[in-house]
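Fold and contact review
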Amino acid sequence: MGPVAKTEVEAQLVDAGVHPLVRQANDLREYMKEPYKSMPFPGPERFYYPHPIGEHHPDAKPAQGLPGSDPDLLERQLFEANGVDFAVLLPLTRGLLPDAELGNAVAAATNEWLADTWLSKYNQHGRYRGTIRVNPMTPDQAAREIEKWAGHPYFVQVAVPMQSHHPYGQRQYHPIWEAAARHNLPVAIHADGGSSVDFWPTPAGYLTHFIEYSTFYPINFAFHLVSFMAEGVFDRFEQFKVVFADGAHDMLAPIVWRMDKDWRPTRHEMPWMKHMPNHYLKDHVLFLAHKLEGPSDPAIMAEWLAINEAGNTLLFASNYPQWDFNVPKGAFVDVPADMRRRIVLENARELYKLPATRSA
Amino acid sequence: MARHVVCRVEELPPGSRRIVPIGRRGIGIFNVNGTYHALHNVCPHAGAPLCLGRVTGTTVATAPYQVEWVQEGEILRCPWHGWEFEIASGETITEPVERVQTYSIFVEDGQVIIEA
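A separate point is the overall build of chain A. Helix and strand counts for chain A come out as 12 helices and 10 strands. Relative to the globule expectation of 21 Å for 360 residues, the C-alpha radius of gyration of chain A, 20 Å, shows essentially globular dimensions. Counting only C-alpha atoms and orienting by the principal axes, one finds that chain A spans roughly 70 × 55 × 45 Å. In chain A, buried positions account for 57% of the 360 residues. Of the contacts formed within chain A by residues at least 6 apart in sequence, a portion of 80% connects residues at least 24 apart. Roughly 16000 Å² of accessible area belongs to chain A as shown, and the carbon and sulfur atoms make up 56% of that amount. Computed over 33 positive and 43 negative side-chain charges, the inter-centroid distance for chain A is 4 Å.

Structure representation (structure tokens):
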């Protein structure tokens with residue numbers, strides 16, 4: 001008897017934000033070369049603003065290894081229990097380490113590890129996609145890392161940390177966006193760790209408690225967004241797309257309304273920005289949805305999403321295995337079916353070029 | 001529509017302007033490099049006295065971070081919010097295009113005449 005033909009199932013749900021981990025912190029060293037292999041660097045738990053009841057969801061802890069390290073458990077919880085068809089894996093690194101070369105080594109090892117495990121050995125079913133981590137502290141090296149992995153069939157995007165030493169639109173970062181755009185790879189921006197050489201997390205200095213940090217940190221997207229626009233990154237790299245992966249989509253509209261009104265008076269300072277700010281959103285800017293955002297009253301959720309054009313810009317993400325795990329099968333059930341379909345399936349399929357079906 | 005004599009051509013040399021009291025808000029007359037233009041003194045954005053704004057040039061970027069100064073004397077910047085209008089067309093140089101009302105203007109027997 002020959003091999004059984006695989007049947008295909010139509011995809012209904014894409015989880016655009018899953019954060020896998022190595023089984024144990026030091027496993028990453030297997031993919032590193034000396035001298036970095038033997039150098040200390042921070043582990044996967046947050047250092048500043050640790051979550052008071054634990055970084056990870058208690059159900060996501062496997063019998064052995066760190067949460068998010070066990071593909072069998074992940075698949076039971078995401079694929080089987082929640083109907084996720086494709087998962088986009090976005091491994092977190094440790095932010096901006098003071099030694100940029102060590103940061104490069106950590107990013108490179110993360111990519112080697114992901115390619116060696118989740119995107120090959122664990123990916124017989126072809127349902128995982130991955131993210132190329134790069135260190136923005138050395139933009140030329142970041143561009144080389146993108147070139148290295150751009151042809152890989154399962155890497156679908158690039159990621160850099162939300163925390164930055166300069167706004168990401170500034171010209172020293174352009175080699176990264178140029179390389180990503182050339183390969184049609186979106187760039188995800190996600191807060192990383194919190195154990196690195198960040199500046200103050202807010203323009204008002206250091207906040208005191210976890211909740212203050214977690215409420216405001218995602219809003220940092222706005223600094224990078226206005227910078228991308230005013231430095232002409234979207235004009236210069238027409239294929240460039242950014243995914244703000246910590247959420248905060250709810251804050252986008254008022255910021256852009258304001259920026260729109262300032263554009264005609266101040267355009268002459270940045271003549272390379274050829275269009276009104278809102279013009280760039282549809283082709284260049286997306287957000288991952290986050291469990292903790294959106295109106296508390298489900299009755300106004302549908303209207304809220306329509307005002308914010310979520311049908312074009314929002315992608316569902318569970319954030320597995322974090323404590324704020326957004327249960328996929330319960331997501332956006334209170335909105336009209338066509339809007340839900342855009343958010344939980346079609347926006348991700350278009351952005352990451354996912355097939356319409358996956359293996360059964 | 002009526003003809004209005006604005007002034008003699010010698011009184012409105014290149015680079016000069018005059019607001020004439022026609023209608024409630026007036027009409028701004030500009031001489032841009034020897035050609036006359038007439039614009040309603042009301043900005044389409046928020047109703048500012050547009051024709052009192054600065055006559056200037058503007059910037060273009062020929063490449064990222066390569067800025068050139070162009071159209072000197074051809075641009076009118078609204079005094080309230082800085083919107084840039086091309087005097088000759090009455091149109092914003094930014095999109096979506098907004099337009100200030102313009103009027104037919106010509107020279108006859110050494111006089112500047114508008115129809116408004």
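Between chain B and chain A, the contact holds 18 residues from the first and 15 residues from the second. Taking both partners together, chain B and chain A bury about 1400 Å²; carbon and sulfur atoms supply 55% of that area. If you sort the residues of chain B by the area they bury against chain A, T59, Y65 and T94 of chain B come out on top, with a joint share of 42%. Between the two partners, chain B and chain A, sit 1 salt bridge. The partner of R267 of chain A in a salt bridge is E84 of chain B, and the shortest N-O contact between them spans 2.8 Å. In this structure, the connection of chain B to chain A is made through 9 residue pairs in polar contact (both at pLDDT 80 or more). Sort the elements by how many residues they give to the side of chain B that touches chain A and strand β5 (residues 54-63) of chain B lands first, with 4 residues.

W177, F240, F332 and Y352 of chain A are the most contacted members of the largest nonpolar core, which totals 112 residues. With 9 residues, the single largest contributor to this core is helix α2 (residues 100-121) of chain A.

Turning to the sheet that holds strand β6 (residues 66-77) of chain B, a few remarks are in order. All names here are of chain B. Overall, antiparallel pairing links the 4 strands, which are arranged β5-β6-β7-β8 in an open sheet. Among the strands making up the open sheet, the edge pair consists of β5 and β8 (91-92). As paired strands, strand β7 (residues 84-86) and β8 are joined by 2 bridges and run antiparallel to one another. What sits directly across from F85, in β8, is T92.

A few words now on the pattern of salt bridges. The tally for this structure, following the rule as stated, stands at 16 salt bridges over all chains. With a closest N to O distance of 3.2 Å, E350 of chain A and R342 of chain A form a salt bridge. Of the residues examined, E350 of chain A reaches a relative accessible area of 51% and is grouped as exposed. Take R342 of chain A: its relative accessible area is 21%, and that puts it in the partly exposed class. A salt bridge links E108 of chain B to R3 of chain B, with the shortest nitrogen-to-oxygen separation between them at 2.7 Å. Taken together, the residues E108 of chain B in strand β9 (residues 102-108) and R3 of chain B in strand β1 (residues 3-8) connect sequence positions 105 residues apart.

This part is about the state of the cysteines. Residues and elements named next belong to chain B. The final tally for this structure, using the stated rule, is 0 disulfides over all chains. Unpaired in this structure, C7 has its nearest cysteine sulfur neighbour in C51, at a distance of 15 Å. As a non-bridged cysteine, C43 has C78 as the owner of its nearest cysteine sulfur, 3.8 Å distant.

Residues and elements named next belong to chain A. Mapped onto the secondary structure, D250 falls in the loop between β7 (242-244) and α8 (252-266). The buried charged residue D250 lacks any salt bridge, with K291 as its nearest oppositely charged partner at 14 Å. Side chain to side chain, D250 and W304 meet in a polar contact 2.9 Å long. The contacts of D250, once residues within four sequence positions are left out, are E293, G294, W304 and N308.

Here we come to the packing of aromatic side chains. Inspection of the entire model under this criterion finds 21 aromatic pairs over all chains. Arranged with centres 4.9 Å apart and planes meeting at 35°, the rings of Y213 of chain A and Y217 of chain A form a pair that is tilted. Under the relative-accessibility criterion, Y213 of chain A is labelled buried at 9%. With a centroid separation of 5.7 Å and 35° between ring planes, the pair formed by F228 of chain A and F234 of chain A is classed as tilted. Per residue, the accessibility class of F228 of chain A equals that of F234 of chain A, and both read buried. An aromatic cluster of at least three residues, connected via ring pairs, comprises Y168, Y173, W177, F228, F234, F240 and Y280 of chain A. Over the ring of Y65 of chain B we find R171 of chain A; its NZ or CZ atom is 3.6 Å from the centre of that ring. Stacked on the ring of W83 of chain B, the Lys or Arg R264 of chain A has its end atom at 4.1 Å from the ring centre.

The rules we used
Residues numbered from 1 in each chain as written. Chains lettered and ligands numbered in written order. Predicted model: local features only at pLDDT ≥ 70, side-chain atom pairs only at ≥ 80, totals over all residues. Heavy atoms only, no water. Helix = DSSP H or I, 4+ residues; strand = E, 2+ residues; numbered from the N terminus. Rg over C-alpha atoms; globule rule 2.2 N^0.38 Å. Buried < 20%, exposed > 50% of the residue type's maximum accessible area, 1.4 Å probe, protein only. Contact = heavy atoms within 4.5 Å. Areas by Shrake-Rupley, 256 points an atom, 1.4 Å probe, with all protein chains shown as cover. Lys, Arg positive; Asp, Glu negative; His and termini not counted. Charge placed at Lys NZ, Arg CZ, Asp CG, Glu CD. Buried area = accessible area lost by both parts, 1.4 Å probe. Salt bridge = Lys/Arg side-chain N within 4 Å of Asp/Glu carboxyl O. Polar contact = N/O pair within 3.5 Å; in protein donor to acceptor, adjacent residues only side chain to side chain. Core = buried A, V, L, I, M, F, W, Y, C linked by side-chain atoms within 4.5 Å. Pairing = 2+ DSSP bridges. Disulfide = S-S within 2.5 Å. Phe/Tyr/Trp six-rings, centres within 6.5 Å; stacked < 30°, edge-to-face > 60°. Lys NZ or Arg CZ within 6 Å of the ring centre and 35° of its normal.

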